[in-house]
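Tertiary structure, described
Chain by chain, the residues:
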Amino acid sequence: VVDAYMEGYKNCLMTNHKWILEIDAGGSHKPRNIKGFLKFMTDDYSCIFGSRFCKGGKLTNYNFIRFFFSKGGSIISKLFFNINLKDTTSGFQIFNRLVVKKIIQKKLISRDRFFQTEIKIFTRKLKFKEVPITYVCKTHHLSFFSIIESVYLLFKIRLIKNNFFKG
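As a starting point, this report considers the structure included with it. All values derive from a computational prediction rather than experimental measurement.

**Quick word on helix H3 (residues 64-81)**
An ideal rise of 1.5 Å per residue puts 26 Å on 18 residues; H3 measures up with 25 Å between its terminal C-alpha atoms. The complete set of buried residues in H3 reads Arg 66, Ser 70, Ser 74, Ser 77 and Phe 81. In an axial view of H3, the angular spread of the buried residues amounts to 75 degrees, which keeps them on one side of the axis. Turned more than 90 degrees off the buried face of H3, the exposed positions are Phe 64 and Leu 79. On its buried face, H3 sits against helix H5 (115-122), strand S6 (134-136) and helix H6 (144-159). Remark: Asn 82 follows H3 within two positions and exhibits a positive phi of approximately 55 degrees.

Below is the structure:
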């Protein structure tokens, strides 16, 4: 999963665009929510994160397991890393190109879905905005490997010093 995203980020950097949008192609994210990002695409923000859990955000067609791990993962990562976000596991986000360059250079350690949280850990000191999105849960299962990897990486990253980007 991460290699595909990194390749996409690299391809985006070959353009002259200032902002790079990340959105699931499987229909979980609603393109109509992009307009919520637009008004914050200024020089003041480095990242704009879509959130299911901020005021106005929605999670639909979900089961308890998916909700528990998405919400629980957000709460735990917020506590471990002092991240001022309601949703640290969402993958609907937009970055300015400088942040994408830094993400690629950082060489994320996650190999699975935890990389979304890892990015938020590394960008937590930048100026960002959280905007409400609607997420439609298309799959109701999580792999055991993804859960174990996420817990392991929370502790591993916690032990790494100076692991965030500075504005």
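**Brief notes about the packing of aromatic side chains**
Tallying each qualifying case throughout the model produces 13 aromatic pairs. With 5.9 Å between their ring centres and 90 degrees between their planes, Phe 40 and Tyr 45 make a pair best called edge-to-face. Tyr 45 matches Phe 40 in its accessibility class, with the two residues each being buried. Through pairs of rings, three or more aromatic residues link up here, namely Tyr 5, Tyr 9, Phe 49, Phe 95, Phe 115 and Phe 128. Across from the ring centre of Tyr 135, 5.3 Å away, lies the NZ or CZ of Arg 52, which sits over that ring.

**Describing the sheet that holds strand S4 (residues 93-96)**
Within the open sheet, the four strands sit side by side as S1-S4-S2-S5. Their pairing is mixed. Each end of this open sheet is capped by a strand with a single partner; those strands are strand S1 (19-22) and strand S5 (128-132). With strand direction ignored, the average angle separating the axes of adjacent strands in the sheet is 15 degrees. Two strands pair when backbone bridges link them, and strand S2 (residues 47-51) and S5 are joined in this way by five bridges, in the parallel orientation.

**Regarding the pattern of salt bridges**
Tallying each qualifying case throughout the model produces two salt bridges. Two residues, Arg 111 and Asp 3, come together in a salt bridge whose shortest N-O distance is 2.4 Å. With Arg 111 in the loop between helix H4 (97-106) and H5 and Asp 3 in helix H1 (residues 2-13), this pair connects stretches of sequence that are 108 residues apart. When its relative accessible area of 41% is taken as the criterion, Arg 111 is described as partly exposed.

**As for the pairing of S2**
Judged by how many residues are buried, S2 sits mostly within the fold: five of five residues are covered. Neither face of S2 is left uncovered, since the one carrying Cys 47, Phe 49 and Ser 51 and the one carrying Ile 48 and Gly 50 both have all their residues buried. Two elements, S2 and S4, share three bridges in a ladder whose sense is antiparallel. Looking at the pairing, Phe 49 lines up with Gln 93 of S4.

What counts and how
- Residues numbered from 1 in each chain as written.
- Predicted model: local features only at pLDDT ≥ 70, side-chain atom pairs only at ≥ 80, totals over all residues.
- Heavy atoms only, no water.
- Helix = DSSP H or I, 4+ residues; strand = E, 2+ residues; numbered from the N terminus.
- Expected span 1.5 Å × (residues − 1).
- Buried < 20%, exposed > 50% of the residue type's maximum accessible area, 1.4 Å probe, protein only.
- Arc of directions from axis to C-beta.
- Contact = heavy atoms within 4.5 Å.
- Phe/Tyr/Trp six-rings, centres within 6.5 Å; stacked < 30°, edge-to-face > 60°.
- Lys NZ or Arg CZ within 6 Å of the ring centre and 35° of its normal.
- Pairing = 2+ DSSP bridges.
- Axes fitted to C-alpha atoms, helices over the stretch in contact; angles between N-to-C directions.
- Salt bridge = Lys/Arg side-chain N within 4 Å of Asp/Glu carboxyl O.

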